[in-house]
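The lines below spell out each chain.
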Amino acid sequence: ARVRPSHARAPRDRARCGAMAEPAKGVVWSPEGMSQDDFMLKDECIVVNYMDEVIGHDNKYNCHKFLPGQPRGILHRAFSVMLFDADGRLLLQQRAASKITFPNVWTNTCCSHPLHGMRPREVDTPEEIASGSPRGVKHAAVRKLGHELGIPARELEVDRFRFMTRVHYWAADVVTYGPNAPWGEHEIDHLLLYQLKPNETLTIKPDPEEVQAFKWMAQSDLKAAMSGVDAKAAAEMRLWSPWFKIIAERFLHTWWADLRTALEGQKYVDLSGIHRFDTSAEFHGGAGNARPHLDALAAQELAQREGGENKRRKLALDAQHDDGVAGFVGRGKAIMATNADGAKQGSYGKVPTHSSGKLDQLCRPLEVVAALRFKLGGLLEDNLKDSGDADVMFCDDMLGKVSRSFAAVIRQLPSGLCLDICVFYLVLRALDTVEDDMEAYKGKEHEKEEELKSFGAKRLTDKNCSITGVGAGDELALVESFGAVSRVFASLPEGSRDVIMDITNQMGAGMAEYVTADLCQGCVDQAAYDRYCHMVAGLVGEGLSRIFVARGAESDAICGQGERVWPFCPDPKTQPANMGLANSMGLFLQKCNIIRDYLEDYVDGRSWWPQTTWKKYAKTNDLGEFARPSAHGAGLCLPMKGPAAKVAGKGVGVQALQCLNELVADSLELVPDCLEYLNRMRTPSIYRFCAIPQVMAMATLAACFDNPRLFTGVVKIRKGLTARLIIGTIDGPDAVAWWFGRLAQDMLARLDSGACVSAEGALGDRLRAACARIERLTRAQAGECEAKRTQKGLAVCGTLTLAAAVAVALAQGRTLGAR
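Just so you know, these numbers come straight off a predicted model, no measurement behind them.

Under the defined criterion, the tally for this structure stands at 45 salt bridges. Measuring nitrogen to oxygen at the nearest pair gives 2.9 Å for the salt bridge that ties Arg-166 to Asp-52. Taken together, the residues span a long stretch of sequence, with Arg-166 in strand β7 (residues 162–172) and Asp-52 in the loop between β1 (44–48) and β2 (54–59) at a distance of 114 residues. Under the relative-accessibility criterion, Asp-52 is labelled buried at 2%. The salt bridge partner of Asp-360 is Arg-364, with a shortest N-O separation of 3.1 Å.

See the structure below:
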């Protein structure tokens, strides 16, 4: 079972600032020879969180895509300049028809984006913004006033731009592109004022690719044009940018009426506030069907204005996370909450599950036959049935309810041993249920820690134990009637009881470490990732091995050291039975689950992908970035439907797939130890018990490899393939080796075809080496399996041929007799 440590909401820090350092030497921006399309691909916007803290960068294409999965695009930093002449008239521009986002609209003097990697530097720190002199956006303003309106930089003074405040808004460009618009804006806009001195003039030579018209307007004229009072001006200036409509309605006219104070005093300056607004309904929708969001957040912030900066920050970042999650899973929070009712704990039921369709399954006849054969039953024994003991019957019943995957392989274990493992599994599942409950211990995290630490001593020894109000569905029923499990536990042999108690205590203590841990952005590093997998899966491997040996069903050879040396295992020189192989087996299973469950875990706010791995590839400091279509090759590696399809592939990144494939390589490198562990087993039913989850994990890993669908839901292997894998395992070690080798060959073929995004470079070499190693290790046994299948096939063909010959002879005999 996946163990899912909880997290404390209070200390959560979703995506911290300072994620991506700028290059030591920036570049001087130049528009020479560049088209609008080139700008969208070349220019790197500054990606920020809801507190306007820099968390990374991405190209303009990706930031402005309004698609399923990122219905509001990617939040980035912007600026809007309102430039007045000495008489107080405001310079307005009409954006060119060639602009990709919001063409033809009238707007303020200049509105664009500060960029990552520029010289002069355009990225401002929170301290620079708080000082009231964010020189980065001011440098960007000078650059774009020159580019769009042809105003020479020498005619502007950076220090005369007055930073007023920030506006957070979003808008889908449905006016231009219709209800399924693939473009939009989602910005924290830094508002800048600038006024010319008496007798000061500017050179204005608009770039026709940027600006199709401009005009100076008095305040009264602008009001009349925007309100429709001046019908002629309203007809001429029919379209207005969504950001300027907000600026004009909320701020501009107040400042304009007292322009000198606005430019020289502090009365209207707000350096700490971020004013959030949903745009009017005409800018809602788009390909991602974006709906109002910011007005509600603004109201919540206002209600908590006395709560201090930390509460405001938490409120904003939680809102950003929740809105992102709603987009990632393709549905709103309300629908997600409805789907979660009656589902397993965590986010199960909230995110889509990608399984094969019926037609795809029917096109695989071997899998169909295997599925029918498995469904008819009789392939595995059931050594738990007909016990006659009510408590054992309860354990058997709960095993089938809480573990659809492991119930059959546990029941087929030898009599006696199967009961030990059944109890072991249910104890750990109950421990997991307590740990995984995010509501029962909300605000009482200390109680949860104590419950986990003392679970073995307190619950496992209580024959009348009942834990109420914890868990959901079948897990709730398990912990409510846990006394039945405790009573069966007390009847087990002493050796098995000692192992189960020891592993329960170790796992409970390990889980307690994570109760208040901030895991929104994954484990800190590879060592933490490995240790977590040891605590929740490696220890299970240790416990199983110890029980097998204690029961006399296996030798202590399975408790030995493999080729991987783990820091949490004793030195094999002093303790040969150090459980190295058992840990490798457990870590392999857990890592496959963690890879597969990327989106589920991110939705629940506790992730396990190591930061030292994913930050090598991400363009921002948020692990959720990989769930955006702009990060996992949507339109390139993952087809999209509708009008958005043409847009999705432009500028799209594949960093999510690169990270995924490195984690797959890390898991594949554990397979040699897993195979060695299996090769040391001597009891067929125990071999099957261990081999079935291993082969299924290998198949899951192959299905996840280089698969962008992993970032949109849970990737499941086909039911027919599952049946074939189980039947193959029943056929014995040669068939298991054949499956490991076959799956490794499939991944190797994808690498060699060049279709895989990680086919080249060091990562490609690492993946090839891991797959080739597995193929070599399984080659001999896989060959034996092929030979047996060939002989079996020939025997079947011979039988069919003989049957056909007899049938023909009989038919001919009947014909002669009739004559």
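Another aspect to go through is the packing of aromatic side chains. Given two aromatic rings, their pairing is described by the distance between the two centres and the angle made by the two planes. The full count for this structure, using the stated rule, is 26 aromatic pairs. With centroids separated by 5.4 Å and ring planes inclined at 65°, the aromatic side chains of Phe-84 and Trp-256 adopt a geometry described as edge-to-face. Within this pair, whereas Phe-84 is found in strand β3 (residues 76–84), its partner Trp-256 is found in helix α8 (residues 242–257), the two being separated by 172 residues in sequence. There is no split in this pair, since Phe-84 and Trp-256 are both buried. Ring centres 4.6 Å apart and planes at 55° place the aromatic pair Phe-161 and Tyr-194 in the tilted group. A residue pair is termed long-range when its members are at least 10 positions apart, and Phe-161 in the loop between α4 (135–149) and β7 and Tyr-194 in strand β8 (residues 184–195) qualify at 33 residues. Taking relative accessible area as the criterion, Phe-161 reaches 2% and is therefore assigned buried. Judged by relative accessible area, which is 0%, Tyr-194 ranks as buried. An aromatic cluster is defined as three or more aromatic residues linked by ring pairs; in this entry it consists of Tyr-598, Trp-609, Trp-614, Phe-626 and Phe-711. One cation-aromatic arrangement involves Arg-72 over Trp-170; the distance from NZ or CZ to the ring centre is 4.8 Å.

Moving on: the packing of helix α24 (residues 580–596) against helix α30 (residues 684–704). The contact between α24 and α30 brings their axes to 10 Å, and the two run at 35°. α24 and α30 meet at a crossing whose hand is left-handed. Judged by residue contacts, Met-585, Phe-588, Leu-589, Cys-592, Ile-595 and Arg-596 of α24 engage Cys-690, Pro-693, Gln-694, Ala-697, Met-698, Thr-700, Leu-701 and Cys-704 from α30. Class assignment for the residues of the contact of α24 with α30 results in eleven nonpolar, two polar and one charged.

When a protein is soluble and globular, its nonpolar side chains tend to lie buried together. One finds Phe-548, Trp-609, Phe-626, Leu-668 and Met-698 to be the most contacted residues of the largest nonpolar core, which totals 148 residues. Ignoring sequence-local partners within four residues, the contact set of Phe-548 consists of Leu-417, Ile-421, Ala-553, Glu-554, Ile-558, Tyr-677, Met-681, Ile-686, Phe-689 and Cys-690. Membership of the second largest hydrophobic core comes to 36 residues, among which are Phe-84, Phe-102, Trp-106 and Trp-243.

Turning next to the state of the cysteines. Applying the stated rule across the entire model yields zero disulfides. Residue Cys-111 stays outside any disulfide, its sulfur separated by 6.3 Å from that of Cys-110, the closest cysteine. Here Cys-422 is not cross-linked by a disulfide; its sulfur's nearest cysteine counterpart is in Cys-395, at 5.3 Å. For Cys-422, a relative accessible area of 0% puts it in the buried group.

On the secondary structure map, Thr-620 appears in the loop between α26 (611–614) and α27 (644–648). Within the structure, Thr-620 has its side chain in polar contact with the backbone nitrogen of Asp-622 (distance 3.3 Å).

Let's shift gears to the side chain of Thr-700. Examined against the element boundaries, Thr-700 turns out to sit in helix α30. Beyond its immediate sequence surroundings of up to four residues, Thr-700 is in contact with Arg-596 and Ile-717.

Moving on, we come to the packing of helix α31 (residues 719–730) against helix α32 (residues 733–753). Relative orientation of the contacting elements α31 and α32 amounts to 140°, with a least axis distance of 7 Å. Classed by the angle they form, the pair α31 and α32 counts as oblique. Here Leu-721, Arg-724, Leu-725, Gly-728 and Thr-729 of α31 come into contact with α32, specifically with Ala-735, Val-736 and Trp-739.

With five of five residues buried, β1 is to be regarded as a mostly interior element. Side-chain alternation along β1 places Glu-44, Ile-46 and Val-48 on one buried face and Cys-45 and Val-47 on a second face that is also buried. Counted between consecutive antiparallel strands, the loop separating β1 from β2 contains five residues, among which Asp-52 sits at a positive phi close to 65°.

It is worth spelling out helix α10 (residues 294–303) at this point. Those residues of α10 not exposed but buried are Leu-294, Leu-297 and Glu-301. Viewed end-on, α10 has its buried residues packed into an arc of 60°, placing them on one side of the element. The outward face of α10, more than 90 degrees from its buried face, is lined by the exposed residues Leu-302 and Ala-303.

Let's shift gears to the environment of Ala-787. Mapped onto the elements, Ala-787 comes out in helix α33 (residues 761–818). With 742 residues separating them along the chain, Ala-787 and Cys-45 place their C-alpha atoms 59 Å apart.

Here helix α28 (residues 655–668) is 14 residues long and its end C-alpha atoms lie 20 Å apart, about the 20 Å a rise of 1.5 Å per residue gives. Most of α28 sits out of view: 13 of its 14 residues are buried.

Here we take up unusual backbone geometry. Here the bond from Arg-119 into Pro-120 is cis, since omega is 0°, no more than 30 degrees from zero. Following the sequence through the fold, Pro-120 ends up in the loop between β6 (110–112) and α3 (126–130). Backbone geometry places Asn-104, a non-glycine residue, at a positive phi of 70°. Tracing the backbone through its elements, the reader meets Asn-104 in the loop between β4 (90–95) and β5 (106–107). Residue classification places Asn-104 among the partly exposed residues on the basis of a relative accessible area of 30%. For Met-579, which is not a glycine, the phi torsion comes out positive at approximately 70°.

Rules of the game
Residues numbered from 1 in each chain as written. Predicted model: local features only at pLDDT ≥ 70, side-chain atom pairs only at ≥ 80, totals over all residues. Heavy atoms only, no water. Salt bridge = Lys/Arg side-chain N within 4 Å of Asp/Glu carboxyl O. Helix = DSSP H or I, 4+ residues; strand = E, 2+ residues; numbered from the N terminus. Buried < 20%, exposed > 50% of the residue type's maximum accessible area, 1.4 Å probe, protein only. Phe/Tyr/Trp six-rings, centres within 6.5 Å; stacked < 30°, edge-to-face > 60°. Lys NZ or Arg CZ within 6 Å of the ring centre and 35° of its normal. Axes fitted to C-alpha atoms, helices over the stretch in contact; angles between N-to-C directions. Left-handed = near helix turned anticlockwise from the far one by under 90°. Contact = heavy atoms within 4.5 Å. Nonpolar A, V, L, I, M, F, W, Y, C, P; charged D, E, K, R; others polar. Core = buried A, V, L, I, M, F, W, Y, C linked by side-chain atoms within 4.5 Å. Disulfide = S-S within 2.5 Å. Polar contact = N/O pair within 3.5 Å; in protein donor to acceptor, adjacent residues only side chain to side chain. Parallel < 35°, antiparallel > 145°, perpendicular 65-115°, else oblique. Pairing = 2+ DSSP bridges. Arc of directions from axis to C-beta. Expected span 1.5 Å × (residues − 1).

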